[in-house]
Amino acid sequence: MTTPLRATTHVAEPSDDIDITQFIDGIAGLLAGTANVIMQLSNRPVGYGVVESTVDSGKVMLHPVKRLRTTVTYLAVAMLGTDAEREDYREAVNRSHRPVRSTSASPVRYNAFDPNLQLWVAACLYWGAKDLYERMHGPMDEPTADAFYRYSARLGTTLQVRPDMWPVDRQAFAAYWDKNLATTTIDPPIRDYFDDLIDLKMLPRPVQLTFGRMHRFFVIGLLPQHLRDQMGCTWTARDDRALDRIMRTLGATQSRLPRQARMFPINAYLLDLRIRRRLGLRLV
């Protein structure tokens, strides 16, 4: 179970001089998606909550396209949506989350509405977004890094995380992150689930054979070392240099693209949500 450290009662909205879309790279974000899932689910209650879930419609191994839509739409709404859109999506996600709770047979206790578990998931999303951006473009300057950090509280407060649970500044977040990352443990059933994700077992066999090895390289490379160790993965200095070159090349390419192209598919899923809301269709 995660425990928030220092807290603030204020969650910043984007300021006029900070363009939040500069931190959004849709395609590169997809490369980091599985690594971020592993970070989130390495918290045992979160991991068992996903693996034991009885909500088949939300399982990536059964419905990978729907799972991708739900996840990316959440990121789009949390970061770019209006207050009304965030509220509607919260209600839709809450309906899906209601059955997700531990049973007497579960190895750990969990509840999808636990704000401490949601805080850990939001922390992983923020850490992953910042790590990806800096791998591609280099470090943010201090004012930008502070503004992006404050704004990223929306990744949790769009659901049940209270604003005062988000660590008050980046230093407090670093303490929270180091403390909680050190306690993560990947049990064998969760590791098996991760291996299936990494090897793209939810996709057709030709896709697995074509992209599985490359996908594994990116996933392992984008994990913190503690989780590589938990997964039993090998990662060399040569691998790290290769990943660094690739990410810098992606960053240089991305910076030349028009804004809407950089944001795809996040902007497309946000548009899909807005159409669904207007037509009264299911959001999740």
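Residues numbered from 1 in each chain as written. Predicted model: local features only at pLDDT ≥ 70, side-chain atom pairs only at ≥ 80, totals over all residues. Heavy atoms only, no water.

Novice: Explain the packing of aromatic side chains here, please?
Specialist: Pairs of aromatic rings are described using the distance from one ring centre to the other and the angle between the two planes. Scanning the model with the defined rule gives 16 aromatic pairs in all. With a centroid separation of 5.2 Å and an interplanar angle of 75°, the aromatic rings of Y126 and Y149 are classed as edge-to-face. Of the two residues, Y126 sits in helix 5 (residues 115-137) while Y149 sits in helix 6 (residues 142-151), which places them 23 residues apart along the sequence. Judged by its relative accessible area of 1%, Y149 is buried. Taken together, the ring pairs in this structure connect W120, Y126, W127, F148, Y149, W166, F173, Y176 and W177 into an aromatic cluster. (Phe/Tyr/Trp six-rings, centres within 6.5 Å; stacked < 30°, edge-to-face > 60°. Helix = DSSP H or I, 4+ residues; strand = E, 2+ residues; numbered from the N terminus. Buried < 20%, exposed > 50% of the residue type's maximum accessible area, 1.4 Å probe, protein only.)

Novice: Can you walk me through helix 3 (residues 64-80) in this structure?
Specialist: Each full turn of the α-helix corresponds to 3.6 residues, which orients residues three or four apart in the same direction. Look at helix 3: 24 Å from first C-alpha to last across 17 residues, which is about the 24 Å you get at 1.5 Å a residue. What helix 3 keeps buried is the set R69, T70, V72, T73, Y74, A76, V77, A78 and M79. Where helix 3 is buried, its residues contact helix 4 (83-97), helix 6, helix 7 (154-157) and helix 14 (266-279). (Expected span 1.5 Å × (residues − 1). Contact = heavy atoms within 4.5 Å.)

Novice: Any chance you could explain the UniProt feature "domain: ER-bound oxygenase mpaB/mpaB'/Rubber oxygenase catalytic" (unreviewed entry) in the protein here in plain terms?
Specialist: According to UniProt, the positions carrying the feature "domain: ER-bound oxygenase mpaB/mpaB'/Rubber oxygenase catalytic" (unreviewed entry) are residues 25-251. With 68% helix and 0% strand, the stretch residues 25-251 has end C-alpha atoms that lie 9 Å from each other. (UniProt positions renumbered as here; feature names shortened; annotations may be inferred.)

Novice: Please explain the state of the cysteines as it appears in this structure.
Specialist: Joining two cysteines, a disulfide is a covalent bond between their sulfur atoms. In total, this model carries 0 disulfides according to the counting rule given. Of all cysteine sulfurs, the one in C233 lies closest to C124, which takes part in no disulfide; the gap is 17 Å. A relative accessible area of 0% places C124 in the buried class. What makes C233 buried here is its relative accessible area of 15%. (Disulfide = S-S within 2.5 Å.)

Novice: Could you clarify how one ought to interpret the side chain of R90 in this entry?
Specialist: Structurally, the position occupied by R90 is in helix 4. For R90, the side chain forms a polar contact with the main-chain oxygen of T158, separated by 2.7 Å. When neighbours within four sequence positions are excluded, R90 is seen to be in contact with T157, T158, L159 and Q160. (Polar contact = N/O pair within 3.5 Å; in protein donor to acceptor, adjacent residues only side chain to side chain.)

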